[in-house]
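# Working through the structure, step by step
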Amino acid sequence: QPQQQQPRAAQAPGFVAGLFGAKPQATATPPPSAPFMPDLAAASAPPRPQTAFQRAMTPGQLLKLLVCLGLDAFGDASYAIPALGEGVDVAYAPAQAIALRMLFQSNAVALIGFAEEIAPFTDIIPTATIAWFLDINGVFDTTAAGGRSSPRA
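A quick note: this is a predicted structure, and the numbers were derived from the prediction, not measured. (Residues numbered from 1 in each chain as written. Predicted model: local features only at pLDDT ≥ 70, side-chain atom pairs only at ≥ 80, totals over all residues. Heavy atoms only, no water.)

## Quick notes on the environment of A91
- Structurally, the position occupied by A91 is in helix 6 (residues 85-104).
- Residues A91 and E117 lie 26 residues apart in sequence; the distance between their C-alpha atoms is 9.4 Å. (Helix = DSSP H or I, 4+ residues; strand = E, 2+ residues; numbered from the N terminus.)

Next comes the structure, spelled out in structure tokens:
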């Protein structure tokens, strides 16, 4: 036997069927294209800048700190052998300058590191660690917002 079509109200329960205990079926409504009241505070508020501590605690900055501490420790280690102390610094100064340039993209930091290593009795100054501290405090930033838009001088 062919099935007879049921009346339209019985096929799709809606408001009237819901009044008499039948659960209406959930219908998928498309999400609105835009919220009725946009969040104006979120749209207009600029992102908060990170604090120096927050910048320092990133994995990249912690790794950079370890490298800087190693560079400074190696520079100080030249005094472990009394006869070679300043002679080793002549060879190490260019290597430290290149490493500082790679770490901080700053010719000024590289030049200061080179001068500190080549000058006698200045190895005690932790140039790389000081540069790291200045870096996390935004001294080398080239934009007002703290981002790096171009290579450093």
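## Side note on the packing of helix 5 (residues 59-77) against helix 6
- Their axes nearest at 11 Å, the elements helix 5 and helix 6 cross at an angle of 170 degrees. Taken together, the axes of helix 5 and helix 6 are roughly antiparallel relative to one another. Two secondary-structure elements touch here, helix 5 through K64, V67, C68, L71, D72, F74 and G75 and helix 6 through D89, Y92, Q96, A99, L100, L103 and F104.
- For the contact of helix 5 with helix 6, a count of residues per class yields nine nonpolar, two polar and three charged. (Axes fitted to C-alpha atoms, helices over the stretch in contact; angles between N-to-C directions. Parallel < 35°, antiparallel > 145°, perpendicular 65-115°, else oblique. Contact = heavy atoms within 4.5 Å. Nonpolar A, V, L, I, M, F, W, Y, C, P; charged D, E, K, R; others polar.)

## Concerning the environment of D72
- Inspection of the secondary structure puts D72 in helix 5.
- Separated by 45 residues in sequence, D72 and E117 place their C-alpha atoms 9.7 Å apart.
- Setting aside anything within four residues of it in sequence, one finds D72 in contact with Q96, I125, P126, T127, A128 and T129.

## A look at the pattern of salt bridges
- In this structure the tally under the stated criterion is one salt bridge.
- In this structure, K64 and D135 form a salt bridge, with 3.0 Å as the shortest nitrogen-oxygen distance. With K64 in helix 5 and D135 in helix 8 (residues 127-136), the pair connects residues that are 71 residues apart, well separated along the chain.
- Residue class for K64 comes out buried when judged on its relative accessible area of 11%.
- Here D135 falls in the buried class, since its relative accessible area comes to 3%. (Salt bridge = Lys/Arg side-chain N within 4 Å of Asp/Glu carboxyl O. Buried < 20%, exposed > 50% of the residue type's maximum accessible area, 1.4 Å probe, protein only.)

## Thoughts on the packing of aromatic side chains
- On inspection of all chains with the given rule, the structure shows two aromatic pairs.
- A centroid spacing of 5.0 Å and a plane angle of 55 degrees characterise the contact between F74 and Y92, whose relative ring orientation is tilted. Linking F74 in helix 5 with Y92 in helix 6, this pair joins segments that are 18 residues apart in sequence.
- Using a relative accessible area of 9% as the deciding quantity, one classes Y92 as buried.
- Here the aromatic rings of F104 and F140 are separated by 6.1 Å at their centres, their planes lie at 50 degrees, and the arrangement is tilted. Within this pair, whereas F104 is found in helix 6, its partner F140 is found in the segment after helix 8, the two being separated by 36 residues in sequence.
- On the basis of relative accessible area, F104 is assigned to the buried category, the value being 0%.
- Since its relative accessible area comes to 14%, F140 is described here as buried. (Phe/Tyr/Trp six-rings, centres within 6.5 Å; stacked < 30°, edge-to-face > 60°.)

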